[in-house]
Amino acid sequence: MSKAEPITDTVYTRAPFWNDVPDAKWMDWRWQMSHRLNSVDELAQVINLTESERKALSANDLFRVDITPYFASLMDPDDPNCPVRKQIVPTEAELVPFHSMMEDSLAEDKHSPVPGLVHRYPDRVLMLVTTQCASYCRYCTRSRIVGDPTQTFSRTDFDAQIEYIEQTPQIRDVLLSGGDPLTIAPKTVDMILARLRAIPHLEIIRIGSRVPVFLPMRVNQQFTDMLEKYHPLWLNIHVNHPKEIAPELAAACERLAKAGVPLGNQSVLLAGVNDSVRIQRKLAHELVKIRVRPYYLYQCDLVEGAGHLRTSVSKGIEIMEGLRGHTSGYAVPTYVVDAPGGGGKIPVAPNYVIAQSPGKVVLRNFEGFITTYSEPLDYDPHAILDQESRIEPRLEPGQEGIHGLLQGQRMAIEPAGFEDVHARGGAEHRLRSGDVKQKWQPLGVGSIESKPAQLTEPEE
Ligand SMILES: *Cc1c(COP(=O)(O)O)cnc(C)c1O
């Protein structure tokens, strides 16, 4: 798409198979939803299916397939390696299990205080409002629940989710996800947003949705007018390849941006789809042109069906090396590995710090230029203490992590069972006092929040 593409409701993207559909129908999101493709016969009318795609589409227990006619029109009918096609049309490779594959690789179920709510970070929650999507990504991280029409959330579940948020004042940010929250009835989205906005401690509401990409006609003026009532409201879309940035998506983003919704993009690093610096750079550039800021680039999760779409982590680091410095900072996402087992998102980046000594840090830039930053020798981190003491501490401590170590709140973080393995009794006969714990209190070195712990008086 070029820079000055007019933003209208004109049809730009439509495969020849649907040429006879009137424009008004084509641009009606309900028509798109009820004419989605999901079988060999339907898909064969639009693309030339390979043997592998046919076999996968006929397999039992296949993760749900559904593709909107609009998004299907972006596929290359003759190229099985088309980056759009690979994201939504299954192949036989999807049926092959792989080493370390998991059903719930992010351990979300364990972090659910009520059905559909995932509370894993200190101040924000993920609220799954539906299990349905406009189309189904083959590498879906939540394929264990997504797409199953018998397993979705009810009004009672919403009530329980909202009640938990109301009663948990440390939650200042709610992220609506699913499934895709924009596939549910617009009235229901309105109702959920209104109820969330009524919660005084809730500062921001976010929506994670691929509807602008799969079904841009759903993001009409009426819908963005409704969203505008609930600011501050942020929205992340999910685009993986520049080919997905059709004028229809640009128009949807324009409507969202005009409604004052800051837009971000979360993409997944996928083998054979976008695992190249040139494609990622192009993607970032096309996104910022439509006012969408690249937010996260995810390492593909260890989820069933996604084995063949995974890359190495080093590929992600190489891509980040090719972005930072080479293009606008606004166009650079954060590359993250969502920790298998439920550790949350872990940023992974090239190393820019080469060496350190007291007073000096040696850094390198994207070109390989190496420089020294001289640190102030009289820097006093305690000068901020008074101001800082006026900001309330966290309501639910316990996730202070490595930052807590730096603050002197504790000295170590031990893996489970560490105490038992190392309690071999030696402490008792080496030290005269039985009070071993007290001798090992952190001194609070570097602590700017707590007072340094008192040193115990030497025993007489
Ligand atoms: C990704 C995610 C969030 C939001 O994380 P941010 O880094 O704040 O965007 C919140 N909760 C869960 C469970 C998540 O997976």
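Everything that follows concerns the structure shown earlier in this document.
Here goes a summary of the coordinates provided.

Conventions adopted
Residues numbered from 1 in each chain as written. Predicted model: local features only at pLDDT ≥ 70, side-chain atom pairs only at ≥ 80, totals over all residues. Heavy atoms only, no water. Helix = DSSP H or I, 4+ residues; strand = E, 2+ residues; numbered from the N terminus. Buried < 20%, exposed > 50% of the residue type's maximum accessible area, 1.4 Å probe, protein only. Contact = heavy atoms within 4.5 Å. Areas by Shrake-Rupley, 256 points an atom, 1.4 Å probe, with all protein chains shown as cover. Lys, Arg positive; Asp, Glu negative; His and termini not counted. Charge placed at Lys NZ, Arg CZ, Asp CG, Glu CD. Patch = residues over 30% accessible without salt bridge, like charges linked within 9 Å, V, L, I, M, F, W, Y side chains within 5 Å. Salt bridge = Lys/Arg side-chain N within 4 Å of Asp/Glu carboxyl O. Disulfide = S-S within 2.5 Å. Pairing = 2+ DSSP bridges. Axes fitted to C-alpha atoms, helices over the stretch in contact; angles between N-to-C directions. 1 Å grid on protein atoms, 1.4 Å probe; cavity = no way out; pocket = protein on both sides within 12 Å on 5 of 7 lines; lining within 4 Å. Points joined across faces, edges and corners; volume = space filled by probe spheres on them. Nonpolar A, V, L, I, M, F, W, Y, C, P; charged D, E, K, R; others polar. Parallel < 35°, antiparallel > 145°, perpendicular 65-115°, else oblique. Left-handed = near helix turned anticlockwise from the far one by under 90°. Core = buried A, V, L, I, M, F, W, Y, C linked by side-chain atoms within 4.5 Å. Domains from an automatic or database assignment.

This next bit is on the overall build of the protein chain. Each helix and strand counted, the protein chain has 18 helices and twelve strands in total. Dimensions of the protein chain, computed from the C-alpha atoms along their principal axes, are close to 95 × 55 × 45 Å. Burial analysis of the protein chain (460 residues in total) assigns 47% to the buried set. Put simply, 73% of the contacts in the protein chain that link residues at least 6 apart link residues at least 24 apart. Counting only carbon and sulfur atoms, one obtains 54% of the accessible surface of the protein chain, whose full area is about 24,200 Å². In the protein chain, 49 positive and 60 negative side-chain charges are present, and the distance between their average locations comes to 3 Å.

Taken together, I402, L406 and I413 make up a surface patch of nonpolar side chains, about 320 Å² in accessible area. Along the chain, I402 falls in helix α15 (residues 401-406).

Let us look at the state of the cysteines. Using the criterion set out here, one finds zero disulfides in the structure. Not engaged in a disulfide, the cysteine C133 finds its nearest cysteine sulfur in C140; these two sulfurs lie 6.3 Å apart. Classification of C133 as buried rests on a relative accessible area of 14%. Given the relative accessible area of 15%, C140 is considered buried.

What follows covers the sheet that holds strand β2 (residues 124-128). Pairing is mixed across the open sheet formed by nine strands, whose spatial order is β1-β2-β3-β4-β5-β6-β7-β8-β9. On the outer flanks of this sheet lie β1 (117-118) and β9 (344-347), each paired with one strand and no other. As paired elements, strand β5 (residues 233-237) and strand β6 (residues 263-269) share three bridges and run parallel to each other. When the sheet's bridge partners are listed, I237 is paired in β6 with N265. Set on the sheet, helix α7 (residues 155-166) makes contact with β1, β2 and β3 (173-177); between it and β2 the angle comes to about 175 degrees. Along the sheet, helix α13 (residues 313-323) contacts β6, β7 (292-299) and β8 (334-339); its crossing angle with β8, the most-contacted strand, is approximately 160 degrees.

Okay, the layout of surface pockets next. Each pocket or cavity is described by its volume, and for the largest pocket that value is around 1,100 Å³. What lines the largest pocket is a set of 48 residues, among which T141, R142, S177, Q266 and Y298 lie closest to the centre. Examining the composition of the lining of the largest pocket, we find that four residues originate from one element, β7, more than from any other. In terms of residue class, the lining of the largest pocket is made up of 23 nonpolar, 15 polar and ten charged.

Here α7 crosses helix α8 (residues 186-197) at 20 degrees, and the two axes come no closer than 11 Å. Of the possible angle classes, the one that applies to α7 and α8 is roughly parallel. The chirality of how α7 crosses α8 is right-handed. Counting all contacts with α7, which are made through R155, F158, D159, I162 and I165, the residues of α8 involved are T188, M191, I192, R195 and L196. Of the residues belonging to the contact of α7 with α8, the class tally is six nonpolar, one polar and three charged.

Ranked by internal contacts, the top residues of the largest apolar core, which has 102 residues, are M127, I165 and L196. Tallying contributions element by element places helix α11 (residues 247-258) first for this core, with six residues. Both domain 1 (16-95) and domain 2 (109-347) contribute no fewer than three residues apiece to this core. Not counting residues up to four positions away in its chain, the partners in contact with I165 are L117, V125, M127, I171, V174, L196, I199, H201 and L202.

A sheet is described by the order of its strands in space; here three strands give the open sequence β10-β11-β12, paired in antiparallel fashion. The open sheet has two edge strands, β10 (353-357) and β12 (370-374), and neither has a second partner. Ignoring which end each strand starts from, the neighbouring axes of this sheet average 20 degrees apart.

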